Amino acid sequence: MIMNRLSTISYIRDMEKRGKKLELENRFLSHFSSTPTCFQAPGRINLIGEHTDYNGGFVMPAGIDLSCCIAIALKTEGPSHMVAEDFSESFEFSGKPQKQKNGHWANYVFGVMECFASRSIQIPPFDLLIQSDIPIGAGLSSSAALESVVAVAFNQLLHCDFSSMELTRIAKQAENEYVGLQCGIMDMFASIHSKQDHAMLLDCRSLDFKYVPLELGNKLILLIDTCIKHELSTSAYNDRRKECQQAVELFKKLGGPIQDLRDVNLETLIDSQAHFNPVIFARAKHVISENARVHAFADALAKGDWTAVKSNLLASHESLKTDYEVSCEELDFIVDFIRDLPGVWGCRMMGGGFGGCVISIVEEDQVDGIMNALAPVYQKRFGIIPKHYIAKTGDGACEL
Ligand code: GLA
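The structure contained in this document is the topic of the report that follows. Within each chain, residues carry numbers counting from 1 in the order of the written sequence. With the structure being a predicted model, the display of local features is reserved for residues of pLDDT at least 70 and the display and counting of side-chain atom pairs for 80 or more, all residues being used for whole-chain, interface and lining totals. Based on all heavy atoms of the structure, the side-chain values leave hydrogens and waters out of the count.

### Here we look at the overall build of the protein chain
Assigned secondary structure in the protein chain consists of eleven helices and 13 strands. For the radius of gyration, the atom set is restricted to C-alpha positions; the globular benchmark scales as 2.2 Å times the number of residues to the power 0.38. In summary, the protein chain has a C-alpha radius of gyration of 22 Å against a globular reference of 21 Å for 400 residues, a match within 12%. The principal-axis extents of the C-alpha atoms in the protein chain amount to approximately 65 × 55 × 45 Å. A 1.4 Å probe rolled over the protein chains alone gives each residue an accessible area, and that area as a share of the maximum for its type sets the label: buried under 20%, exposed over 50%, partly exposed in between. The burial tally for the protein chain puts 55% of its 400 residues in the buried class. In what follows, a contact means two residues having at least one pair of non-hydrogen atoms within 4.5 Å. Within the protein chain, contacts between residues separated by at least 24 positions form 71% of all contacts whose residues are at least 6 apart in sequence. Note that accessible areas follow from Shrake-Rupley with a 1.4 Å probe, and for residues the cover is restricted to the protein chains shown. For the protein chain, the accessible surface area stands at approximately 17800 Å², while carbon and sulfur atoms represent 51% of it. Charged residues are defined here as Lys and Arg on the positive side and Asp and Glu on the negative side; His and the ends of the chain fall outside this count. Here the site of a charge means NZ on Lys, CZ on Arg, CG on Asp, or CD on Glu. Distance between charge centroids for the protein chain: 2 Å, based on 38 positive and 51 negative side chains. Think of it this way: any DSSP run of H or I at least four residues long counts as a helix, any run of E at least two long counts as a strand, and we number them from the N terminus.

Written as structure tokens, this is what we have:
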């Protein structure tokens, strides 16, 4: 039988999933004796819309083909066992788990358990194997992927029937309330809802979204990893949230019936400039202008207007660097170095900032040239060889 292109692609995807599942089951059986169910959830990129999610604004993320996979079997009794293959670590607990030190992988699972408990669903003992190929610390949301995949697995195995939006809220709540990072909803949303070959245009206030086809032709998404995560990232993230809240309060005092910064346009902000201290003004300016750039970028992408795609990405970086002050020397160096190289259709820092990756849209046949030119100068300047990944889009959390 001759298969058409689409059925060939879906056949290959099925085979890949089956291969992953078999490998996970085998690894699970090397630790445990029961038969597991396997799930996966992807990491994410964000094309544009940075630091807008917790401001009720717009973002444009996509799931990638790197994912966090788990194999899990519920039990009727005994302690729970968890194995994190990537760290060669395991963990055992009975009853209510004890929170571990900051950053410990077990906390992401415990956080999700607690969120189910707060919805009156107690998680029985289980055996769990975790295996992820999402690089940690690169800003690709490896922790949101773990929270998302665990939430989706508990939902299915315990027949909870939570909607995908409720599972997104559970994964976010686990991060906010248990792990303690005040992130917005973008990462978990992307990990649960993404669709191969698409990005998503998400309204973070109403949670309305639409899939946007990612038709890049001869271009691809190149991520360049600074291989740096500055200490400042968590405290500065929380500070920015507070500063945005101060801007909202000030607008409310000035008489505007506003809920989030997204209810204000740039002209109104500029008209009110005299009432603002310069830092709060600059923070609000980033958020308001970034929301507008998300829409301009989405239009440009739909029309294939690559010049406008590029100018929006570069403007986003400039705004994050100058007005929001969440970039760093390493990110700026990469953006400045590659922005005018042949075949580069825009680049900017991605995610929370202070390290992680630069996202860029680049012609396929220029990737090696770009990296060969960048790597030695970056190494000379910072003593580190930058890594890079070609980001392919992937589907959201599912059973394998
Ligand atoms: C981090 C957070 C997200 C989002 C981005 C910035 O990735 O987890 O919620 O705020 O930073 O856009």
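### Details of the layout of surface pockets
A cavity here means a set of 1 Å grid points, computed over protein atoms only, where a 1.4 Å probe fits but cannot escape. A pocket is an open set with protein on both sides within 12 Å along at least 5 of 7 lines, and lining residues have an atom within 4 Å of a point. Grid points are joined across faces, edges and corners, and a volume is the space filled by probe spheres set on the points. Quantified by volume, the second largest pocket comes out at close to 1000 Å³. Along the wall of the second largest pocket there are 33 residues; nearest its centre are Gln196, Asp197, Lys392, Thr393 and Gly394. Counting residues per element, the ones that place at least two in the lining of the second largest pocket are helix H1 (5-29), strand S1 (37-46), strand S3 (61-74), strand S9 (219-229) and strand S12 (387-391). The element best represented in the lining of the second largest pocket is H1, accounting for ten residues. In terms of residue class, the lining of the second largest pocket is made up of 13 nonpolar, seven polar and 13 charged. When residues are sorted by character, Ala, Val, Leu, Ile, Met, Phe, Trp, Tyr, Cys and Pro go into the nonpolar class, Asp, Glu, Lys and Arg into the charged class, and all the rest, Gly among them, into the polar class.

### Quick notes on the site of the ligand
Nearness is judged by heavy atoms alone; a residue qualifies as near a molecule or strand once a single heavy atom is within 4 Å of it. Surveying the vicinity of the ligand reveals the residues Arg44, Glu50, His51, Asp53, Tyr54, Cys183, Gly184, Met186, Asp187, Tyr237, Gly351 and Gly352. About the coverage of the ligand: the protein hides 92% of its 310 Å² of free accessible area. Partitioning the shell around the ligand into residue classes produces four nonpolar, four polar and four charged.

### Concerning the packing of helix H3 (residues 142-157) against helix H4 (residues 164-179)
Axis lines are fitted to C-alpha atoms, over the contacting stretch for helices. Their N-to-C directions set the angle, which ranges from 0 to 180 degrees. Direction vectors running N to C along H3 and H4 enclose 125°, while the axes themselves pass 9 Å from each other. When the interaxial angle is binned, H3 and H4 end up oblique. Considering the relative orientation of H3 and H4, their crossing is right-handed. From H3, Ser143, Glu147, Ser148, Ala151, Val152 and Asn155 reach across to H4, where they touch Leu167, Ile170, Ala171, Ala174, Glu175 and Val179. Throughout, the term roughly parallel applies to angles under 35 degrees, roughly antiparallel to angles over 145, roughly perpendicular to angles from 65 to 115, and oblique to all others. Whether a crossing is left-handed or right-handed is set by the direction in which the near helix is turned from the far one by less than a right angle, anticlockwise for left-handed and clockwise for right-handed.

### A closer look at the pattern of salt bridges
By salt bridge we mean one thing: a side-chain nitrogen of Lys or Arg within 4 Å of a carboxyl oxygen of Asp or Glu. Evaluation of the coordinates by the stated rule reveals 18 salt bridges. We note a salt bridge from Arg27 to Glu85, for which the minimum N-O separation is 2.4 Å. Of this pair, Arg27 sits in helix H1 while Glu85 sits in the loop between strand S4 (80-84) and strand S5 (89-93), and the two are 58 residues apart along the sequence. Of the charged contacts, one joins Lys75 and Asp127 as a salt bridge, the two residues approaching to 3.0 Å between their closest N and O atoms. Of this pair, Lys75 sits in the loop between S3 and S4 while Asp127 sits in strand S6 (residues 126-132), and the two are 52 residues apart along the sequence. With relative accessibility at 21%, the residue Lys75 sits in the partly exposed group.

### Description of the packing of helix H2 (residues 106-117) against H3
For any two helices packed against each other, one specifies the inter-axial angle together with the distance between the axes. Where H2 meets H3, the axes come as close as 9 Å, and the angle between the chain directions of the two elements is 40°. Our classification of the angle between H2 and H3 gives oblique. For H2 against H3, the interelement crossing comes out right-handed. Taking contact as the criterion, the partners of Tyr108, Val109, Val112, Met113 and Phe116 in H2 are, on H3, Ser143, Leu146, Glu147, Val150, Ala151, Phe154 and Asn155. A class-by-class count of the residues in the contact of H2 with H3 yields nine nonpolar, two polar and one charged.

### So, the sheet that holds S6
Taken in spatial order, the six strands of this open sheet run S5-S4-S6-S3-S1-S13, and their pairing is mixed. Among the strands making up the open sheet, the edge pair consists of S5 and strand S13 (398-399). We call two strands paired when DSSP finds no fewer than two bridges between them. Summarising the sheet, S1 and S13 pair through two bridges and their orientation is antiparallel. Bridging across to S13, Gln40 finds its partner in Cys398. Against the sheet, H3 engages S1, S3, S6 and S13, with an angle of about 145° to S1.

### A word on a negative patch on the surface
Exposure above 30% relative accessible area and the absence of a salt bridge qualify a residue for a patch, where like charges join within 9 Å and nonpolar side chains (Val, Leu, Ile, Met, Phe, Trp, Tyr) within 5 Å. Taken together, the side chains of Glu16, Asp65, Asp86 and Asp133 present a region of like negative charge at the surface. Secondary-structure assignment places Asp86 in the loop between S4 and S5.

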